Amino acid sequence: MAINSPVRFDPSVEDVQPDESEVIGQLNDSFQTILETTSADYGHAVRSVHAKAHGIAKGKLTVHADLPPELAQGVFARPATYEAVIRISTNPGDILDDSIALPRGLALKLIGVEGERLPGSEGDTTQDFIMVNGPAFSAKDAKAFSKNLKLLAGTTDKAEGAKKVLSGVLRAFEATLEAVGLESSTLQTLGGAPQVHPLGETYYSQTPFRYGDYIAKFSLAPVSPALTQLTGDTVSTKDRPDALREVVNEVMASQGGTWELRVQLNRDLDAMPVEDPTKPWDEDDSPFVTVATLDMPPQLSWEHGSSDAIDDALSYSIWHGIAAHRPLGNINRARKDTYDHSADFRGKFNGCPLHQPKALAELP
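Keep in mind that what you see is a predicted model, and the values were worked out from it rather than measured. (Residues numbered from 1 in each chain as written. Predicted model: local features only at pLDDT ≥ 70, side-chain atom pairs only at ≥ 80, totals over all residues. Heavy atoms only, no water.)

A short note on the environment of Gly 120
The line we're drawing: Secondary structure elements follow DSSP: runs of H or I no shorter than four residues count as helices, runs of E no shorter than two count as strands, and numbering proceeds from the N terminus. Under the scheme applied here, a residue whose accessible area is under 20% of the maximum for its type counts as buried, over 50% as exposed, and between as partly exposed, the area being computed with a 1.4 Å probe on protein chains only.
Among the secondary structure elements, Gly 120 is positioned in the loop between strand S3 (104-111) and strand S4 (126-132). Taking relative accessible area as the criterion, Gly 120 reaches 58% and is therefore assigned exposed. Spatially, the C-alpha atom of Gly 120 lies 9.9 Å from that of Asp 337, the residues being 217 residues apart in sequence.

Below you can see the structure in the form of structure tokens.
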């Protein structure tokens, strides 16, 4: 089957709605509720989403040489090596026992990236990628996401024991769906995600981005044997509130890991919509193609005290980056102000304004 040529980027691929600023205000209200609740509980501000980190690791990303022109775009326009730091997490805004099963997240920050910057990122040299272990986002647009977030904001800091019970019930439902070839991103988001090992997972941007002259989604896939042998493995979390930190640390400290950063180019705007991230782009029509390799040498990925300090110093946003990788679509447009809102709150509450590192050596 012939594969179409990639669609060229044009601002017209986005469909900006007139009520987007109002919806963003509603999102910020929900995030504010989460931030105020958790900071009062902990005496310390944490992220409004993906609050709990399960591992932080430093290494390098190497852009491959001899990429074809359609892939040699933006950060990947020429062979290069960048310092990199990853953060593995789960998605709630409160720090929960790992027995509550939730989708895994992986945020990647590159340092030393040159080029025209995105709004609000002027003067920095970082490029962030934020990914989750599933190809589809749970809400079609920011308005739908706002409804989900209000529910989550209302349950922040409420009845962790009940959340554990609910998580077990939802996991059973999700397992039943998967047995017949189906799955539910909504059930997974609410606590029914499989208890998979974070290092064996493939992570996806879910939402689209400008890719220089084109449009793309990103993924990060494990390729070293230490990681691929974990794909599909589940983690026992019984009486282990920080089980994910433990299992990630075991592997990273002894073996480190290697991933491939891959790109899926948009080849049909109707079949691969920009404004609906609940619809994965068919990989038969446009496969993910490797453009760079991420290497993390053996290291402790979590050590109480030092890792907490690094976690506090880091902030990730899809709007930290260069204009060649501008986030696209309603969900991505809504993420700019909301991520900034969360980072500003953390910086003010903790008395340490956040800034983007110029080198890994700047991190605590």
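Anyway, onward from the coordinates.
Description of the pattern of salt bridges
Should their charged atoms come close, side chains of opposite charge can pair. Note the following rule: We count a salt bridge whenever a side-chain nitrogen from Lys or Arg sits within 4 Å of a carboxyl oxygen from Asp or Glu.
In total, this model carries 14 salt bridges according to the counting rule given. Between Lys 52 and Asp 98 there is a salt bridge, with the nearest N and O atoms lying 3.0 Å from each other. Of this pair, Lys 52 sits in the loop between helix H1 (20-42) and strand S1 (53-63) while Asp 98 sits in the loop between strand S2 (80-90) and S3, placing them 46 residues apart in sequence. Accessibility expressed as a relative area gives 4% for Asp 98, which makes it buried. Where Glu 70 meets Arg 267, a salt bridge forms, and the shortest distance between an N and an O atom there is 3.4 Å. Residue Glu 70 is located in the loop between S1 and S2, and its partner Arg 267 is located in the loop between strand S8 (257-265) and strand S9 (289-296); the two are separated by 197 residues in the primary sequence. The class of Arg 267 is buried, set by a relative accessible area of 14%. The network of salt bridges with shared partners includes Glu 14, Glu 20, Glu 275 and Arg 333.

Quick notes on the pairing of S1
Rules: Here the rule is simple: two strands pair whenever DSSP picks up at least two bridges between them.
Among the 11 residues in S1, 8 count as buried, and that is most of the element. For S1 and S2, the ladder comprises 10 bridges, and the chain directions are antiparallel. The residue of S2 that forms the bridge with Thr 62 is Thr 81.

Re the confidence of the model for the protein
Applicable threshold: Per-residue confidence from the predictor is reported as pLDDT, which spans 0 to 100. Residue contacts are defined here by distance: any two heavy atoms, one from each residue, within 4.5 Å place the two residues in contact.
Residue-level pLDDT values for the protein average 89, and 89% of them are 70 or greater. Low confidence marks residues 159-180, where pLDDT is under 50. Its contacts with residues over four positions away, or in another chain, come to 42 contacts. Confidence drops under a pLDDT of 50 for residues 187-191, and excluding neighbours within four residues, the segment shows 27 contacts in the predicted structure.

Brief notes about the packing of aromatic side chains
The test is simple: Aromatic rings from Phe, Tyr and Trp, taking only the six-membered ring of Trp, are treated as a pair when their centres fall within 6.5 Å; an angle between ring planes under 30 degrees marks them as stacked, one over 60 as edge-to-face, and anything in between as tilted. To sit over a ring, a charge needs its Lys NZ or Arg CZ within 6 Å of the ring centre and within 35 degrees of the ring normal.
The final tally for this structure, using the stated rule, is 9 aromatic pairs. Between Phe 76 and Tyr 211, the ring centres sit 5.9 Å apart and the planes meet at 20°, which makes this aromatic pair stacked. Here Tyr 211 lies in strand S6 (residues 209-211) and Phe 76 lies in the loop between S1 and S2, a separation of 135 residues in the sequence. Among the residues examined, Phe 76 registers a relative accessible area of 1% and is labelled buried. Under the relative-accessibility criterion, Tyr 211 is labelled buried at 0%. Three or more aromatic residues link up through ring pairs in this structure, and these residues are Phe 76, Phe 129, Phe 209, Tyr 211 and Phe 218. A cation over an aromatic ring shows up here: Arg 245 above the ring of Trp 302, its NZ or CZ 3.9 Å from the ring centre.

Focus: the layout of surface pockets
Rolled over the atoms, a probe with the dimensions of a water molecule shows which regions are left empty. For clarity, the cut-off: Cavity means a closed set of points on a 1 Å grid over the protein atoms alone, one where a 1.4 Å probe fits but cannot get out, pocket means an open set with protein on both sides within 12 Å along at least 5 of 7 lines, and lining means a residue has an atom within 4 Å of a point. Grid points are joined across faces, edges and corners, and a volume is the space filled by probe spheres set on the points. Note that Gly is not counted as nonpolar here; it falls among the polar residues with everything else outside the nonpolar set of Ala, Val, Leu, Ile, Met, Phe, Trp, Tyr, Cys and Pro and the charged set of Asp, Glu, Lys and Arg.
The calculated volume of the second largest pocket comes to roughly 240 Å³. As for the second largest pocket, its lining consists of 16 residues, of which Asp 312, Ala 313, Cys 352, Leu 354 and His 355 are closest to the centre. Of the residues assigned to the lining of the second largest pocket, the class counts are 8 nonpolar, 5 polar and 3 charged.

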